[in-house]
Amino acid sequence: MGVDYSQYIPERRERCKYYALCMAGMALTGWLFFDSFIAAALLALFAFPLEKVWLKSRTAARRKELSAQFKDMLFSLSASFQSGRHMKEALEEAKTNMLEVYPASAPINIELDLMLRRMGAGGESDREVLFDFARRSGSEDARNFADVYYTCLTTGGNLCAVVNRTAEVILEKMTIRREIDALMAQKKYEAKLLTAVPFLILMYLKFSSPAYLEQLYTTAMGLCVMAAALGALAIAFFWSGKIMDIEV
């Protein structure tokens with residue numbers, strides 16, 4: 001069985017690192033906004049529901065990495081088809097080429113190794129292997145490639161020309177994606193900076209002028225104001241992330 005890229009299952013060490021950093025950050029937030037170790041402990045518990053957000057971001061990052069590597073694999077397959085090789089031979093050559101570019105632990109190299117084993121020892125057809133990869137990857141580009149490859153096999157189309165065109169389309173999409181990322185990079189940095197500013201101000205005031213914050217920590221109205229401010233910051237942070245998450 002191959003990897004299901006629709007979900008991310010972290011290793012134990014990675015999960016422990018997440019909980020350590022997230023709980024520490026949430027505890028610090030509780031202490032800064034409420035000056036209470038009880039509030040810090042309660043906010044630290046938010047690390048558990050926030051794990052879903054973290055796993056979602058890790059899943060998206062892994063899919064993005066696989067998509068970039070899949071584009072390079074397509075160019076290798078195109079060159080192999082031009083030389084008259086069949087799919088299995090093209091995949092073997094692609095594996096050799098990809099190992100020169102990416103480490104053996106890279107997703108595309110793991111997938112190529114799995115494909116070749118399934119087509120060799122497993123006796124599965126190239127169509128079955130490609131469609132299974134497209135399903136697990138969740139990549140529209142992989143699904144399109146599997147569809148056009150099967151269509152060419154059944155209709156006798158020009159496989160080399162189709163693969164070349166598919167690679168060109170994917171490259172165009174990735175070029176647009178990089179341009180959008182470049183435009184959004186500064187905005188994302190500004191959003192993170194604006195989110196961090198209230199924390200820096202609170203930390204500065206707590207150490208330089210603690211009396212200035214006393215009313216916010218010791219009265220019901222002050223605690224409500226701090227809770228509302230923290231909630232507004234959380235909403236703004238997640239909202240800005242959704243606004244700047246543009247799909248191509």
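Residues numbered from 1 in each chain as written. Predicted model: local features only at pLDDT ≥ 70, side-chain atom pairs only at ≥ 80, totals over all residues. Heavy atoms only, no water.

## Description of the packing of aromatic side chains
On inspection of all chains with the given rule, the structure shows 10 aromatic pairs. Ring geometry for Phe 70 and Phe 133: centres 5.8 Å apart, planes at 35°, overall tilted. On the criterion of sequence distance, the pair formed by Phe 70 in helix α3 (residues 51-82) and Phe 133 in helix α6 (residues 126-137) is long-range, its members being 63 residues apart. The class for Phe 133 is buried, based on a relative accessible area of 3%. Aromatic rings pair up to connect Tyr 18, Tyr 19, Phe 48 and Trp 54 into one cluster. The side chain of Lys 206 reaches across the aromatic face of Trp 31, ending 4.4 Å from its centre. (Phe/Tyr/Trp six-rings, centres within 6.5 Å; stacked < 30°, edge-to-face > 60°. Helix = DSSP H or I, 4+ residues; strand = E, 2+ residues; numbered from the N terminus. Buried < 20%, exposed > 50% of the residue type's maximum accessible area, 1.4 Å probe, protein only. Lys NZ or Arg CZ within 6 Å of the ring centre and 35° of its normal.)

## Quick notes on the packing of α3 against helix α5 (residues 107-120)
It is at 8 Å that the axes of α3 and α5 come closest, and there the two elements cross at 60°. With respect to α5, the element α3 is oriented oblique. For the pair α3 and α5, the contacting residues are Glu 65, Leu 66, Gln 69, Phe 70 and Met 73 in the first and Pro 107, Ile 108 and Leu 112 in the second. A class-by-class count of the residues in the contact of α3 with α5 yields 6 nonpolar, 1 polar and 1 charged. (Axes fitted to C-alpha atoms, helices over the stretch in contact; angles between N-to-C directions. Parallel < 35°, antiparallel > 145°, perpendicular 65-115°, else oblique. Contact = heavy atoms within 4.5 Å. Nonpolar A, V, L, I, M, F, W, Y, C, P; charged D, E, K, R; others polar.)

## Some thoughts on unusual backbone geometry
If you check the backbone angles, Asp 35 has positive phi at about 50° while not being a glycine. Along the chain, Asp 35 turns up in the loop between α1 (12-34) and α2 (37-44). The exposure class assigned to Asp 35 is partly exposed, which follows from its relative accessible area of 39%.

## Observations concerning the environment of Tyr 217
With respect to the helices and strands, the residue Tyr 217 is situated in helix α9 (residues 214-218). Since its relative accessible area comes to 12%, Tyr 217 is described here as buried. Note: C-alpha distance between Tyr 217 and Phe 33 (184 residues apart in sequence) is 8.0 Å. Among all residues touching Tyr 217, those that are not within four sequence positions of it are Leu 32, Phe 33, Phe 34, Asp 35, Leu 202, Lys 206, Leu 223 and Met 226.

## Thoughts on a nonpolar patch on the surface
A contiguous nonpolar patch, built from Ile 38, Leu 42, Leu 45 and Phe 48 and spanning about 430 Å² of accessible area, is present on the exposed surface. Along the chain, Leu 45 turns up in the loop between α2 and α3. With a relative accessible area of 46%, Leu 45 lands in the partly exposed category. (Patch = residues over 30% accessible without salt bridge, like charges linked within 9 Å, V, L, I, M, F, W, Y side chains within 5 Å. Areas by Shrake-Rupley, 256 points an atom, 1.4 Å probe, with all protein chains shown as cover. Salt bridge = Lys/Arg side-chain N within 4 Å of Asp/Glu carboxyl O.)

## Structural notes on the pattern of salt bridges
One pass over the structure, following the stated rule, counts 13 salt bridges. The shortest N-O distance in the salt bridge between Glu 93 and Arg 85 comes to 3.2 Å. Close ionic contact of Arg 118 with Glu 124 constitutes a salt bridge, the shortest N to O distance being 2.8 Å. The class of Arg 118 is buried, set by a relative accessible area of 18%. On the basis of relative accessibility, which here comes to 27%, the residue Glu 124 falls in the partly exposed class. Among the charged side chains, a network of salt bridges with common partners joins Glu 111, Arg 118, Glu 124, Asp 132, Arg 135 and Arg 136.

## Considering the packing of α1 against α2
As a packed pair, α1 and α2 sit with axes 7 Å apart at the nearest point and diverge in direction by 145°. Regarding α1 and α2, the two cross each other, and that crossing is right-handed. Contacts from Met 23, Met 26, Ala 27, Thr 29, Gly 30, Trp 31 and Phe 34 in α1 reach Phe 37, Ala 39, Ala 40, Leu 43 and Ala 44 in α2. When its residues are assigned to classes, the contact of α1 with α2 shows 10 nonpolar, 2 polar and no charged. (Left-handed = near helix turned anticlockwise from the far one by under 90°.)

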